[in-house]
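An overview of the molecular structure
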Amino acid sequence: MTLEELDKEYILQTYKKNYVNFKEGVNSTLYDDKNKDYIDFTSGIGVVSVGHGNKKVANTICKQIKKITHTSNSYMIEPQVKLAKKISLLSGIKGSIFFANSGAEANECAIKIARKYGETKFNNKKYKVITLKHSFHGRTITTVKATGQKNMHKSYFTPYPDGFKYATNINNIYKEIDKETVAVMIELVQGEGGVQPFKKRKIQKLARFLKKKEILLIVDEVQTGIFRTGEFLASNLYQITPDIITMAKGLGGGVPIGAVLTSHKDILTYGDHGSTFGGNYLSTSASLNVCSILEDLKNNGKLKKTILHFETKLNKLYTNNLSVFTSSVGIGLMRGLRVKNIHTLDTIINKGFEAGVLVLKAGKNTLRFLPPLTISKKEINEGFKRLEMTLKTI
Ligand code: PLP
């Protein structure tokens, strides 16, 4: 049997996938089993923040796992403590952290904190969480219900947990609030929903309003976090201090890790939440290294230069192809080009793949770019050259 046949036989077919067999990656370039190279503008959907095959992270992981990979959260874990301090310092938010293994898990924990806050801090029980219609918060039964996209609420998974309300946009959140509302959960730049950044002024106004009403602001930074927007958190860029922030994706550079940062240290106590793998030696030592590499990249100005160069090339692709695209959207290295005709999206992605450049889709009409933050100028130039050639054939 070929590998593709084995995949179809032994893997649950929940993904529409491309049967390429990648063998190696060097920064933002992937090589398949025929040694064909691909410029990766996806970083595994915003995960491989420090590039493929990062030697520093690989060495850190090897060194760590030769000593200890995992104990359990019944014992203190040195890299976990150090990573929590690092995240707190980088975010500028004085808080405590719970470590999970994914974005959805981090959001589950955030919702649990909000629910307990709503149960214990008020005379009347508050439990409702408001999210946005085009949001994406995960695939577990709770986070899929927290996700505002109705097509994700498949009827065959019912019953879903109660307590979620959806606002069509930031302005409409106010209307959805009632005496049982405990939290508002938003992405500051919607990722899966179509690379949609919100206005800073609107977000700051919302944050002030919620604080006054003692309603928690949960910011889902699973995709926007860890320097993706140019700042450590999008919350830093928007100059807000949410009550709860969730992170995952780029935090581990490819090693699964999720994190929940909250200034409400006293809500969850012994026995309220847990995770076997969350925050173990493997993931936290890798993540600590990833955070340091990206912190240096920001502080030495390279990240800013990369963002500017990427933006210039992206906008050039956009203006050269006004018959295909309607707008250029996004922040930092979280970017998109909206297409005029939604049917061209898959063609661009597939033909781009054939030409050796990987790009993503977001929402119905957005070609999405989430390159590694370490991407070189040469790789950016080559990737856009291949995309320009691809567009000529459409
Ligand atoms: N939240 C946001 C904003 C995301 O973009 C994603 C994944 O794309 C998730 C949550 C879910 O993360 P995970 O797939 O790690 O569970």
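These remarks concern the structure in this document. Computed from a prediction, not measured in an experiment: that's the story for all the values here. (Residues numbered from 1 in each chain as written. Predicted model: local features only at pLDDT ≥ 70, side-chain atom pairs only at ≥ 80, totals over all residues. Heavy atoms only, no water.)

Next up on the list: the pairing of strand S11 (residues 244–247). The side chains of a regular strand alternate between the sheet's two faces. Every second residue of S11 is oriented toward a common face, with Ile244 and Thr246 on one face and Ile245 and Met247 on the other, all of them buried. Pairing of strand S10 (residues 216–220) with S11 involves three bridges; the strand directions are parallel. Looking at S11, one finds that valine 219 is bridged to isoleucine 245. In the sheet, S11 pairs with strand S12 (residues 258–262) via four bridges, with the strands oriented antiparallel. Residue pairing for S12: isoleucine 244 is matched across the bridge by threonine 262. (Buried < 20%, exposed > 50% of the residue type's maximum accessible area, 1.4 Å probe, protein only. Helix = DSSP H or I, 4+ residues; strand = E, 2+ residues; numbered from the N terminus. Pairing = 2+ DSSP bridges.)

All told, the structure shown has one cavity of 30 Å³ or more when counted by the stated rule. The volume enclosed by the largest cavity comes to roughly 40 Å³. Together, Gly46, Ser49, Val222, Gln223, Gly225, Ile226, Arg228, Lys249, Gly250 and Leu373 line the largest cavity. Here the lining of the largest cavity is built from residues that sort into three nonpolar, five polar and two charged. (1 Å grid on protein atoms, 1.4 Å probe; cavity = no way out; pocket = protein on both sides within 12 Å on 5 of 7 lines; lining within 4 Å. Points joined across faces, edges and corners; volume = space filled by probe spheres on them. Nonpolar A, V, L, I, M, F, W, Y, C, P; charged D, E, K, R; others polar.)

Now for the packing of helix H4 (residues 78–91) against helix H10 (residues 281–299). Direction vectors running N to C along H4 and H10 enclose 35 degrees, while the axes themselves pass 8 Å from each other. In the crossing of H4 with H10, the sense of the turn from one axis to the other is left-handed. Counting all contacts with H4, which are made through Glu78, Pro79, Gln80, Lys82, Leu83, Lys86 and Leu90, the residues of H10 involved are Tyr281, Thr284, Ser285, Ser287, Leu288, Cys291, Ser292 and Glu295. In the contact of H4 with H10, the residues fall into six nonpolar, five polar and four charged. (Axes fitted to C-alpha atoms, helices over the stretch in contact; angles between N-to-C directions. Left-handed = near helix turned anticlockwise from the far one by under 90°. Contact = heavy atoms within 4.5 Å.)

Quick look at the environment of phenylalanine 98 now. Looking at where phenylalanine 98 falls in the secondary structure, it is placed in strand S4 (residues 96–100). Relative accessible area serves as the criterion here: at 21%, phenylalanine 98 is assigned to the partly exposed category. With 213 residues separating them in the primary sequence, phenylalanine 98 and glutamate 311 have C-alpha atoms 35 Å apart. Leaving out residues up to four positions away in the same chain, phenylalanine 98 has contacts with Cys109, Gly258, Ala259, Val260, His273, Gly274 and Ser275.

Let's shift gears to the site of the ligand. Taken together, 13 residues are adjacent to the ligand, and Gly103, Ala104, Asp220, Gln223 and Lys249 come closest. Lysine 249 is positioned such that a nitrogen or oxygen atom in its side chain is 3.2 Å from an oxygen atom of the ligand. When isolated, the ligand has an accessible area of 390 Å², and the protein chains bury 82% of it. It is helix H5 (residues 103–120) that provides the largest number of residues to the shell around the ligand, a total of three residues. Classifying every residue of the shell around the ligand by side-chain character gives three nonpolar, six polar and four charged. (Near = heavy atom within 4 Å. Polar contact = N/O pair within 3.5 Å; in protein donor to acceptor, adjacent residues only side chain to side chain. Areas by Shrake-Rupley, 256 points an atom, 1.4 Å probe, with all protein chains shown as cover.)

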